[in-house]
There are 4 protein chains.
Amino acid sequence: MDISKLSGVIPPVVTPLDKDKKFDKESFAKVINRMIDAGIHGVFVLGSTGSVVFQTKDNREEIVKAADEVIAGRVPLLVGCIDTQTDRVIEHIKVCEKYNVDAVVVTAPFYALDCQDNIERHFRSIREATKLPIFAYDLPVCVGKSLDRNMLVNLGKEGIIQGVKDSSGNDVNFRYLCMTNEHYGHPLRLFSGHECVVDGALISGADGVVPGLGNVDPNVYVEMWNAFNKKDFDEVKKLQDKAAREMLITACTKQDMGFGSGVGGFMTALHQMGIIKTNYLPEPTIPLDDSEAKKVAEILKKEGLL
Amino acid sequence: MDISKLSGVIPPVVTPLDKDKKFDKESFAKVINRMIDAGIHGVFVLGSTGSVVFQTKDNREEIVKAADEVIAGRVPLLVGCIDTQTDRVIEHIKVCEKYNVDAVVVTAPFYALDCQDNIERHFRSIREATKLPIFAYDLPVCVGKSLDRNMLVNLGKEGIIQGVKDSSGNDVNFRYLCMTNEHYGHPLRLFSGHECVVDGALISGADGVVPGLGNVDPNVYVEMWNAFNKKDFDEVKKLQDKAAREMLITACTKQDMGFGSGVGGFMTALHQMGIIKTNYLPEPTIPLDDSEAKKVAEILKKEGLL
Amino acid sequence: MDISKLSGVIPPVVTPLDKDKKFDKESFAKVINRMIDAGIHGVFVLGSTGSVVFQTKDNREEIVKAADEVIAGRVPLLVGCIDTQTDRVIEHIKVCEKYNVDAVVVTAPFYALDCQDNIERHFRSIREATKLPIFAYDLPVCVGKSLDRNMLVNLGKEGIIQGVKDSSGNDVNFRYLCMTNEHYGHPLRLFSGHECVVDGALISGADGVVPGLGNVDPNVYVEMWNAFNKKDFDEVKKLQDKAAREMLITACTKQDMGFGSGVGGFMTALHQMGIIKTNYLPEPTIPLDDSEAKKVAEILKKEGLL
Amino acid sequence: MDISKLSGVIPPVVTPLDKDKKFDKESFAKVINRMIDAGIHGVFVLGSTGSVVFQTKDNREEIVKAADEVIAGRVPLLVGCIDTQTDRVIEHIKVCEKYNVDAVVVTAPFYALDCQDNIERHFRSIREATKLPIFAYDLPVCVGKSLDRNMLVNLGKEGIIQGVKDSSGNDVNFRYLCMTNEHYGHPLRLFSGHECVVDGALISGADGVVPGLGNVDPNVYVEMWNAFNKKDFDEVKKLQDKAAREMLITACTKQDMGFGSGVGGFMTALHQMGIIKTNYLPEPTIPLDDSEAKKVAEILKKEGLL
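Residues numbered from 1 in each chain as written. Chains lettered and ligands numbered in written order. Predicted model: local features only at pLDDT ≥ 70, side-chain atom pairs only at ≥ 80, totals over all residues. Heavy atoms only, no water.

1. Considerations on the overall build of chain A
Link 1 in the chain: Across its full length, chain A holds 12 helices and eight strands.
Link 2 in the chain: Dimensions along the principal axes, computed over C-alpha positions, put chain A at roughly 50 × 45 × 35 Å.
Link 3 in the chain: When burial is assessed residue by residue, chain A has 68% of its 306 residues classed as buried.
Link 4 in the chain: Taking the intrachain contacts of chain A between residues at least 6 apart in sequence as the baseline, contacts between residues at least 24 apart amount to 72%.
Link 5 in the chain: Accessible area of chain A: about 10400 Å², with a carbon and sulfur share of 49%.
Link 6 in the chain: Charge separation in chain A, taken as the distance between the mean sites of 36 positive and 43 negative side-chain charges, equals 1 Å. (Helix = DSSP H or I, 4+ residues; strand = E, 2+ residues; numbered from the N terminus. Buried < 20%, exposed > 50% of the residue type's maximum accessible area, 1.4 Å probe, protein only. Contact = heavy atoms within 4.5 Å. Areas by Shrake-Rupley, 256 points an atom, 1.4 Å probe, with all protein chains shown as cover. Lys, Arg positive; Asp, Glu negative; His and termini not counted. Charge placed at Lys NZ, Arg CZ, Asp CG, Glu CD.)

Given below as structure tokens:
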């Protein structure tokens, strides 16, 4: 597939677990098939939403293999190759090369503190190690540092990276990234990780979105994308407001648990909707309890998802 | 070895690289032997200083195996089993169980955001998976969150963890950790990661220190430890001031590169002193250049280390 | 004036200085008159852009008095009563009550660390001290803490505050603030402090914007507001992209100086355009030098402002 | 008084309030006299502990006047002239010049973001405006930025500032500040704001300490200072551990309220001990309630202070 035209809605797929806390391929397939049936434009597995950093190397291969089999070429497959440093990232990319993976998604190195020069070298070293298209993933809340937008566009112009997934939470920076990218002929495909201000991201110039909530409600994002392309902004806003209300399923835990509240909310919703078998989360994350799950269910009902 | 009496100076060993950027066991042995000859009380490999997060699983085993062979039981061997989440940490611990490892050192999970409840569960799950003594490693600058001191002492009282390596940079919290630990009968061995205020940490009640600078100058820390035990505080201060001056080798890079400046400074010093073969750092970290290395050399000369 | 219908473009006016670093009323009048001629819908003086925290109590009165005289009732006048704690804020509000001030703008208390309960009490105490409409000003980058959106809407429902100026930089939170406010009957007038993603803020439901760049180019924001109300989103985006390019005048200093780069950029642009007499900034802020001013001028020329 | 020899214990005095929330001079006098009787070496009013940023300009003069009258030259009087920007700071200093004030204590400017160049200019402008000795106050938790240690020593060498009160919480930086200051002939008097690791600060080379807890228990700090000067480190540690246990009075509120928990704890302790008339805090800070005050009382009893 030609990744240089990639656009639209590419949800980051969750990684469901069975009663024994093992990867549940059957549920995983149901989540993906439901997305594709809804009209999404690509699938991103092993992102933060896909519990990537909880997976060992072997687990990851199992998940990539499963994704490849389930998707069977119907839409592009992007895989998060997210790890602490360059060599470990390359190890994951080498596994991806064995399957029908259309692009890999890579963050800056993390844990060991770094400067932008080293981050740039990280992407260059990875480019030398693979022919797969690379999306840089800007996620300061997890990684502890941001990706400089000028560095990104420069890497795009040189062909080192082919796109960016922006989850920086910095809407000003994202607009400037879009403008700079446009100024240089649009070398990068730019995707926003937003669930709640997709309308703003699209107006800013995003080529598409990667909404975790798309696991639960892929339709709202596909419809928003279509309405945006028809310039029906009243409809865009209506759908975005609905998605924002639905996104409150990620705020149902008694305390803020970060990943446990967010991905935990998605898992619990999918479990409530009967799409996956459990709402379990990988160790050491405690899943939502019954009273928290009830709150999720109430939101789903109010929005017609249950 | 009985880890419950562990005290003194336990440097976190660097992981030297050869010209091909491969692990240089010969240099690694020289660094360790020099430390043991100086009288240090234990060796900590695969810590942050040991480039742990840059290493793949296979690399890590090679390093643990080498450390075991070199140390040959002369002093306790602690190994950092540092990774993003529980299952990956356990995978590294299982490798340690094959060698003469006296304790493993484990941080809170990182990348995926978490709450203290999940962090506590992380340590409990690891305890269930191994019989090895566990040191909790508090390193918020890399991990993004701190370890609650009451949780630590509670885990100590229950036998879940056996010690703490504190690199929190929070001297008030460390004092309270020492006091609380003492109040409950000293269930935890408490080590400070300080290079520059070891005197303060020891007065606060630390059982010992884990100074990265101990790679370059193990003597100054061994002497400080001995002077402290003789209550010769004038000597303690004199030695600590000397160590602080030496520590400026980690501030010789033109820009602050974090790991690259710190561990890069240690590597360059050891290279200048002829103890290791290169000052290379693992990808993507750019090593100190010649003008930066010259600054390191000047400090070493001034302090009589070169 | 009925503040409950306030909407549109309300720039935060700069406070120009003369050669002796005294308040330059003549230049101040020119900046305001130019804005009103461009069709802006209100004027906000003594905001962060108006150097409010650099001003003594007496200076502030001079500026409020001047603003009142210059505006002469043509548009609503909002005044920042921004100070460290409640009593000092009230002191400034009492001065405002002597002039034709339509609303005061108040941040959370700062310097002494506080919790949301105390912040809420701050707004309640101020309400008891004045009859003037109050806008809460959410500016975590200066104040060090954010205003909880549920607290804000609750205070709005009770009539404690009448509006919010949001400069949180958190677009997700702003959308939820708009949605919650709408859900409860729109008790608060909601303004975004954005310069660069005004389109996104308006789609999210903002009643208007408070762009510092409106000092330099009020027209681009008035035109954007009009285009938005005509649902001409192609025009909105075109204008927003232009404003974002113009906003780069705040990134012309050799080092990032915060206020000095931002307000310094506005001052220098107005000086270059011949609207104010100097580009001086209040002590201790160093103004842009000639080479930096040249960069500002280049941007202005490219955008047809010079 | 010759501030160039200042050393020892200089508590930052609280500002007690009466039933009407007005400044209670009588209680203020009792707090100060009790400190002087205990042997402290100076008094610091209108620090963060003295609720400085809650006070209007007139209130501040009242407090300085009262301090001058009460102290009557028995010990040096330091006054916090803490405000957002240079001109406002100078306004407060001009008031100090009317009384027997031995030195003023000044933070970096705050609220408007700034760079180190502007901070340096802030201190230089203040030096031009007064002949009073100036202590730079490093308090990043309130001010939002740190004071560069090399800048501080340079300003000391030039005679711009005469001392530093360090409340940075950064023990490594404080040690380097002490060493650099020593290297250049000790131009600055260096005080630590520590309550809990005074022993470490003194070993690092501090000339003295400014402990807020000294309001409640001045003796423990005077005794610690004396023991340190006699090189009785067992006694120093014993006293420091006692002070740290007493400091837990600042952790008795149900939620962390920052200033409200800390200074609120001191106020409540003094009220429980019958030294001041209320435990009220300036608006908008909610004072400790009865259940919280009970916890404070228990700690005081355990430590023999009640």
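Read on for the rest.
2. Quick notes on the state of the cysteines
Link 1 in the chain: A full pass over the atoms with the stated rule returns zero disulfides over all chains.
Link 2 in the chain: For C196 of chain B, which is in no disulfide, the shortest distance to another cysteine sulfur is to C178 of chain D and amounts to 12 Å. (Disulfide = S-S within 2.5 Å.)

3. Some remarks on the interface of chain B and chain D
Link 1 in the chain: Across the boundary between the two partners, chain B contributes 24 residues, which contact 24 residues of chain D.
Link 2 in the chain: Each partner contributes to the roughly 2100 Å² buried at the junction of chain B and chain D, and carbon and sulfur atoms together form 59% of this total.
Link 3 in the chain: K231 of chain D is paired through a salt bridge with D234 of chain B; the nearest N and O atoms lie 2.6 Å apart.
Link 4 in the chain: Linking chain B with chain D are 12 residue pairs in polar contact (both at pLDDT 80 or more).
Link 5 in the chain: Looking at the side of chain B that touches chain D, the elements that each hand over two or more residues are α7 (171-183), α8 (198-204) and α10 (233-246) of chain B. (Buried area = accessible area lost by both parts, 1.4 Å probe. Salt bridge = Lys/Arg side-chain N within 4 Å of Asp/Glu carboxyl O. Polar contact = N/O pair within 3.5 Å; in protein donor to acceptor, adjacent residues only side chain to side chain.)

4. Observations concerning the sheet that holds strand β4 (residues 103-107) of chain C
Residue and element names in this part refer to chain C.
Link 1 in the chain: What the eight strands build is an open sheet, ordered β1-β8-β7-β6-β5-β4-β3-β2; its pairing is parallel. Both edges of this open sheet fall to β1 (8-9) and β2 (43-45), since each of them pairs with a single strand only.
Link 2 in the chain: With three bridges joining them, β2 and strand β3 (residues 77-80) adopt parallel strand pairing. Paired with V45 across the two strands is V79, which belongs to β3. (Pairing = 2+ DSSP bridges.)

5. Brief notes about the arrangement of the chains
Link 1 in the chain: There is a gap between chain B and chain C: no contact, and a shortest C-alpha distance of 15 Å.
Link 2 in the chain: Separating chain A from chain D is a minimum C-alpha gap of 15 Å, and the two share no contact.

6. Overview of the interface of chain D and chain C
A common way to state how big an interface is: give the accessible area lost once the parts meet.
Link 1 in the chain: Counting residues at the interface gives 43 residues for chain D, matched by 43 residues for chain C.
Link 2 in the chain: Summing the contributions of chain D and of chain C, the shared interface buries around 3700 Å²; its carbon and sulfur component is 57%.
Link 3 in the chain: Of all residues in chain D, the largest losses of buried area upon contact with chain C belong to R88, Y111 and P284 of chain D, amounting jointly to 22% of the total for that side.
Link 4 in the chain: Summed over the shared surface of chain D and chain C, the number is four salt bridges.
Link 5 in the chain: The salt bridge involving E283 of chain C is made with R121 of chain D; its shortest N-O contact spans 2.9 Å.
Link 6 in the chain: Inspection of the chain D/chain C interface yields 18 residue pairs in polar contact (both at pLDDT 80 or more).
Link 7 in the chain: Only α3 (86-96), α4 (116-129) and α5 (140-143) of chain D provide two or more residues apiece to the side of chain D that touches chain C.

7. Notes on the relation of the copies chain D and chain C
The operation linking the two copies of the chain is a rotation about an axis combined with a translation along the axis.
Link 1 in the chain: Overlaying chain D with chain C gives an RMSD of 0.0 Å, the required rotation being 180° about an axis along which the chain moves by 0.0 Å. One copy is carried onto the other by what is essentially a two-fold rotation axis.
Link 2 in the chain: By residue overlap, the copies meet face to face through one surface: 100% of the interface positions of chain D are interface positions in chain C. (Least-squares fit on C-alpha atoms with pLDDT ≥ 70 in both.)

8. Considering the relation of the copies chain B and chain D
Link 1 in the chain: Each copy superposes on the other: chain B lies on chain D with an RMSD of 0.0 Å after a rotation of 180° and an axial shift of 0.0 Å.
Link 2 in the chain: Mapped onto chain D, 100% of the interface residues of chain B again fall at the interface, so both copies present the same surface.

9. A few points about the pairing of strand β5 (residues 134-138) of chain D
All names here are of chain D.
Link 1 in the chain: A large share of β5 lies buried, amounting to five of its five residues.
Link 2 in the chain: Every second residue of β5 is oriented toward a common face, with I134, A136 and D138 on one face and F135 and Y137 on the other, all of them buried.
Link 3 in the chain: Direction of pairing for β5 relative to strand β6 (residues 163-166): parallel, over a ladder of four bridges. Bridge pairing in β6 links Y137 to K165.

10. A few points about the side chain of S168 of chain A
Residues and elements named next belong to chain A.
Link 1 in the chain: Take S168: it is sitting in the loop between β6 (163-166) and α7 (171-183).
Link 2 in the chain: Among the polar contacts listed, one links the side chain of S168 to the side chain of D166, at a separation of 3.1 Å.
Link 3 in the chain: At a separation of 3.0 Å, a polar atom in the side chain of S168 contacts the main-chain amide nitrogen of N170.
Link 4 in the chain: When sequence neighbours within four positions are dropped, the list of residues in contact with S168 reads D138 and P140.

11. Examining unusual backbone geometry
Trans is the prevailing form of peptide bonds, just as negative phi is the prevailing case for residues other than glycine.
Link 1 in the chain: In this structure, P284 of chain C follows E283 of chain C across a cis peptide bond, with omega equal to 5°.
Link 2 in the chain: We note that L46 of chain D has phi near 60°; this positive angle belongs to a residue other than glycine.
Link 3 in the chain: Here L46 of chain D shows up in the loop between β2 (43-45) and α2 (57-71).
Link 4 in the chain: The exposure class of L46 of chain D is buried, given its relative accessible area of 1%.

12. Some words on the pattern of salt bridges
Link 1 in the chain: Counted by the stated rule, this structure contains 100 salt bridges over all chains.
Link 2 in the chain: The salt bridge involving E246 of chain B is made with K242 of chain B; its shortest N-O contact spans 3.1 Å. Here E246 of chain B and its partner K242 of chain B are both found in helix α10, four residues apart, which amounts to about one turn of the helix.
Link 3 in the chain: Looking at E246 of chain B, the relative accessible area reads 2%, which means it is buried.
Link 4 in the chain: A salt bridge links E303 of chain D to R245 of chain D, with the shortest nitrogen-to-oxygen separation between them at 2.9 Å. With E303 of chain D in the segment after α12 (290-302) and R245 of chain D in helix α10 (residues 233-246), the pair connects residues that are 58 residues apart, well separated along the chain.
Link 5 in the chain: Accessibility expressed as a relative area gives 36% for R245 of chain D, which makes it partly exposed.
Link 6 in the chain: Through salt bridges that share partners, R60, D83 and R88 of chain A together with R60, D83 and R88 of chain B make up one connected network.

13. A closer look at the packing of aromatic side chains
To describe a pair of aromatic rings, one takes the distance between the centres and the angle between the planes.
Link 1 in the chain: The final tally for this structure, using the stated rule, is 28 aromatic pairs over all chains.
Link 2 in the chain: Look at F23 of chain B and F28 of chain B: their rings are 5.1 Å apart centre to centre, the planes differ by 70°, and that puts the pair in the edge-to-face class.
Link 3 in the chain: Ring centres of F233 of chain B and F233 of chain D lie 3.8 Å apart, and the angle between their planes is 20°; on these two criteria the pair is classed as stacked. One end of the pair, F233 of chain B, is in helix α10; the other, F233 of chain D, is in helix α10, on a second chain.
Link 4 in the chain: Classification of F233 of chain B by relative accessible area gives buried; the value is 11%.
Link 5 in the chain: Through successive ring pairs, a cluster of aromatic residues spans F110 and Y111 of chain A together with F110 and Y111 of chain B.
Link 6 in the chain: A cation sits over an aromatic face here: K157 of chain A above Y184 of chain A, 3.8 Å from the ring centre. (Phe/Tyr/Trp six-rings, centres within 6.5 Å; stacked < 30°, edge-to-face > 60°. Lys NZ or Arg CZ within 6 Å of the ring centre and 35° of its normal.)

14. Details of the sheet that holds strand β2 (residues 43-45) of chain A
All names here are of chain A.
Link 1 in the chain: Ordered by their spatial adjacency, eight strands build an open sheet running β1-β8-β7-β6-β5-β4-β3-β2, and the pairing between neighbours is parallel. Unpaired on one side and paired on the other, β1 (8-9) and β2 mark the two borders of the sheet.
Link 2 in the chain: In the packing of α7 onto the sheet, the strands contacted are β6 and β7 (189-192), and the crossing angle to β7 comes to about 165°. (Axes fitted to C-alpha atoms, helices over the stretch in contact; angles between N-to-C directions.)

15. A closer look at α3 of chain D
Given 3.6 residues per turn, any residue in an α-helix points the same way as the ones three and four places further on.
Link 1 in the chain: For α3 of chain D, the buried fraction is high: eight of the 11 residues fall into the buried class.
Link 2 in the chain: Of all the positions in α3 of chain D, only T86, R88, V89, I90, H92, I93, V95 and C96 of chain D are classed as buried.
Link 3 in the chain: Those residues of α3 of chain D that are buried are in contact with α2 (57-71) and α3 (86-96) of chain C together with α2, β3 (77-80), β4 (103-107) and α4 of chain D.

16. Notes on the environment of L155 of chain D
Residues and elements named next belong to chain D.
Link 1 in the chain: Along the polypeptide, L155 turns up in helix α6 (residues 149-157).
Link 2 in the chain: Each C-alpha atom, one on L155 and one on L188, is 9.0 Å from the other, the two residues being 33 residues apart in sequence.
Link 3 in the chain: For L155, the contacting residues outside a window of four places in its chain are E120, F123, R124, I160 and I161.

17. Some thoughts on the pairing of strand β7 (residues 189-192) of chain C
Residue and element names in this part refer to chain C.
Link 1 in the chain: Residues R189 and F191 of β7 are buried on one face, and the alternating residues L190 and S192, pointing to the opposite face, are buried as well.
Link 2 in the chain: As a crossover connection, the stretch from strand β6 (residues 163-166) through helix α7 (residues 171-183) into β7 is right-handed.
Link 3 in the chain: Across two bridges, the pairing between β7 and strand β8 (residues 208-209) is parallel. The residue of β8 that forms the bridge with S192 is V209. (Right-handed = clockwise from strand over helix to strand, strands pointing away.)

18. Quick look at the environment of C96 of chain D
Link 1 in the chain: One can find C96 of chain D in helix α3.
Link 2 in the chain: Sequence-distant contacts of C96 of chain D, that is, excluding residues within four places in its chain, are made with V79, C81, V101, V104 and L132 of chain D.

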